[in-house]
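Summary of structural features
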Amino acid sequence: MKVVLFALAGCRRGFFAAERANGRFESQARAGDTNQTTEERQPMDVANHQFKLAARPVGLPKATDWHYGESPVAEPGDGEVLVKILYISLDPAMRGWMNDGRSYIAPVAIGEVMRALAAGQVVASNHPGLAAGDYVTGLLGVQEYAIANGNAVMKVDPQLAPLPVYLGTLGMPGMTAYFGLLDIGRPSEGDTVVVSGAAGAVGGVVGQIAKLKGCRVVGIAGRSAKCRHVVEELGFDAAIDYQAEDVASALHEHCPGGIDVYFDNVGGDILDAALAHLARSARVIICGAISQYNAVDGMRGPSNYMSLLVNHASMTGFVVSDYGDRYAEGAREMAEWLGAGKLKSREDVAEGFDTFPDTLLRLFKGENTGKLVLKVAGD
Ligand code: NAP
């Protein structure tokens, strides 16, 4: 299977290897950052448009939190590549990166190009392993061109899978689903697995992997079209529309023996409802809490946590980059499943670099189904 061989090759280097060598995502953010001045680099006669962080948002990011600017594209230095960005990955985590304070990664500084994973084409290379024309993914930022350390990008082949798939199912969200569910959730055949954010990039993959492992899978998503998608397209056993149904009663109905594995992408009331319905020895995976990311009066934690004690259950948070050393293993199996048609990948492609501020908000308004990416230029 071509896609399998390719995924393995890609995982030997690129953002997987860069994390191990240089300390997770920070290294790539620096490598892809073109904040360096034109005194330090040789400018080229091409304009690079960029979105920089202008202010730390309060609540949902607004237009004035961004600075849209232009600077000349520069020549790459030793070991670096110049990449023309084709697709930018829009991830809920970007909202957290805009906040000040301690997290698993340094905040984006005011005036810095907004951090983002992206896919693009190498237009000039001073790295022995990459040539002009190659396609790569990495933390390249919200801009049209990026200079990156060649060791901090991953070579990908758009003949084997479309570029947006490398930002979704075969990229960071896919690895999040794979390791979060299998390593922390440890699902067994016959388990009842519930996942929130079920129609999204991570949740849609979590539910499909759980089905492959012989589990009964219940998704929680907003609106009936998303619920139909996860059941009819992705093969979940049932879906709960949290905007139209009472989640607690629906969980009782769909999970009569309780929840063995709850994969949480949203936090808030949905996490509380799931906690109240755990089975004995349940595993709760804290992957994200998107319902809380724009809270202006602080994040609200769960109140039903004593259910963990009563049910001898565990609740574990994780960050996908913890699994950097094992990405090759995840990518190989995911690529096999994709190649065999056992796993479906869904991407939601928006267009136009200048739409970035509004397109990012689609994540928080529930307007995406599958992996949200922004197409910046034709591939
Ligand atoms: P996504 O699910 O593709 O997109 C976000 C979805 O969240 C929206 O479509 C919306 O779906 C839902 N949502 C938005 N506001 C909500 C609210 N107030 N209450 C409930 N649901 C809401 O995003 P993703 O990339 O797959 O990320 C999913 C979660 O995983 C996020 O919390 C993200 O931060 C986290 N994550 C964590 C890691 C890690 O390493 N721990 C890595 C990647 C992602 P509905 O229409 O269904 O509401």
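Residues numbered from 1 in each chain as written. Predicted model: local features only at pLDDT ≥ 70, side-chain atom pairs only at ≥ 80, totals over all residues.

1. Observations concerning the sheet that holds strand 13 (residues 314-317)
Rules: The rule for pairing is simple: two strands pair if DSSP sees at least two bridges between them. Comment: elements are numbered from the N terminus, with helices defined as DSSP H or I runs of at least four residues and strands as E runs of at least two. An axis is simply a line fitted to the C-alpha atoms; with a helix, the fit covers only the stretch in contact. Between two such axes, the angle follows the N-to-C directions and lies from 0 to 180 degrees. What counts as a contact is two residues whose backbone-derived C-beta atoms lie within 7 Å of each other.
Ordered in space as 10-9-8-11-12-13, the six strands form an open sheet in which the pairing is parallel. Since the sheet does not close on itself, it has two edges, and those belong to strand 10 (238-241) and strand 13, each with one partner. Averaged over all adjacent pairs, the angle separating strand axes in this sheet is 15°, with direction ignored. Examined bridge by bridge, strand 8 (residues 192-196) and strand 9 (residues 216-221) share five bridges and lie parallel to one another. Opposite Val193, over in strand 9, you have Val217 as the bridge partner. Against the sheet, helix 6 (residues 172-185) touches strand 11 (259-264), strand 12 (278-286) and strand 13, its axis set at about 145° to strand 12. Along the sheet, helix 10 (residues 268-275) contacts strand 8, strand 9, strand 11 and strand 12; its crossing angle with strand 11, the most-contacted strand, is approximately 170°.

2. Topic: the site of the ligand
Using the following cut-off: Residues are counted as near a molecule or strand when the C-beta atom, derived from backbone positions, lies within 6 Å of that molecule or strand. The nonpolar class holds Ala, Val, Leu, Ile, Met, Phe, Trp, Tyr, Cys and Pro. Asp, Glu, Lys and Arg form the charged class, and all remaining residues, Gly among them, are polar. Residue ranges for the domains originate in an automatic or database domain assignment.
Around the ligand, a shell composed of 29 residues is seen, among which Gly200, Val202, Gly222, Gly288 and Gly366 lie nearest. Going through the elements one at a time, helix 6, helix 7 (201-212) and helix 13 (356-365) are the ones with two or more residues in the shell around the ligand. With three residues, helix 7 is the single largest residue contributor to the shell around the ligand. In terms of residue class, the shell around the ligand is made up of 17 nonpolar, ten polar and two charged. Taken domain by domain, the shell around the ligand gets at least three of its residues from each of domain 1 (2-166 + 346-375) and domain 2 (173-321).

3. Focus on the confidence of the model for the protein chain
Low-confidence regions, as indicated by low pLDDT, have predicted coordinates that should not be scrutinised in detail. Threshold: Per residue, pLDDT captures the predictor's confidence, and it can take any value from 0 to 100.
Counting all residues, the mean pLDDT for the protein chain is 90, and 89% of those residues have values of 70 or more. Per-element confidence in the protein chain ranges from a low mean pLDDT of 32 for helix 3 (residues 24-31) to a high of 99 for strand 8. Low pLDDT, under 50, characterises residues 1-39; the stretch is placed with 102 contacts to residues that sit more than four places away or in other chains.

4. Quick look at the pairing of strand 9
For a regular strand, side-chain orientation follows a simple rule: the groups alternate between the two sheet faces. Here is the rule we go by: Counting other C-beta atoms within 10 Å of each residue's C-beta, where C-beta atoms are placed from the backbone, gives the exposure class: buried for 20 or more, exposed for 12 or fewer, partly exposed between. Crossover handedness is defined by viewing with both strands directed away from the observer: a clockwise path from the first strand over the helix to the second marks the crossover as right-handed.
By the criterion of burial, strand 9 is predominantly enclosed, with five of the six residues buried. Chirality of the crossover, the property in question, places the unit of strand 8, helix 7 and strand 9 among those that are right-handed. Relative to strand 10, strand 9 is paired through four bridges, and the arrangement is parallel. Directly across from Ala221, in strand 10, lies its bridge partner Asp241. Of the crossover connections in this fold, the one passing from strand 9 over helix 8 (residues 224-233) to the parallel strand 10 is right-handed.

5. Looking at the nonpolar core
Selection criterion: To define a nonpolar core, we join buried Ala, Val, Leu, Ile, Met, Phe, Trp, Tyr and Cys residues through C-beta atoms within 7 Å and take the resulting set.
Counting 113 residues, the largest nonpolar core has Val83, Tyr87, Ile88 and Val194 as its most contacted members. Leave out the neighbours within four places in its chain, and Val83 touches Gly120, Gln121, Val122, Val123, Val136, Leu140, Tyr145, Ala146 and Ala148.

6. Brief notes about unusual backbone geometry
Within the chain, Arg223 stands out as a residue other than glycine whose phi angle is a positive 80°. Structurally, Arg223 can be placed in the loop between strand 9 and helix 8. Of the residues examined, Arg223 has 15 C-beta atoms within 10 Å and is grouped as partly exposed. Positive phi, close to 65°, is recorded for Ser281, a residue that is not glycine. Along the polypeptide, Ser281 turns up in strand 12. Looking at Ser281, the number of C-beta atoms within 10 Å reads 10, which means it is exposed.

7. With respect to the environment of Ala199
For Ala199, the location among the structural elements is in the loop between strand 8 and helix 7. For Ala199, a count of 29 C-beta atoms within 10 Å corresponds to the buried category. Expressed as a C-alpha distance, the spacing of Ala199 and Ile220, which sit 21 residues apart in the sequence, is 8.1 Å. In contact with Ala199, other than residues within four places in its own chain, are Gly204, Ala221, Lys226, His229, Val230 and Thr369.

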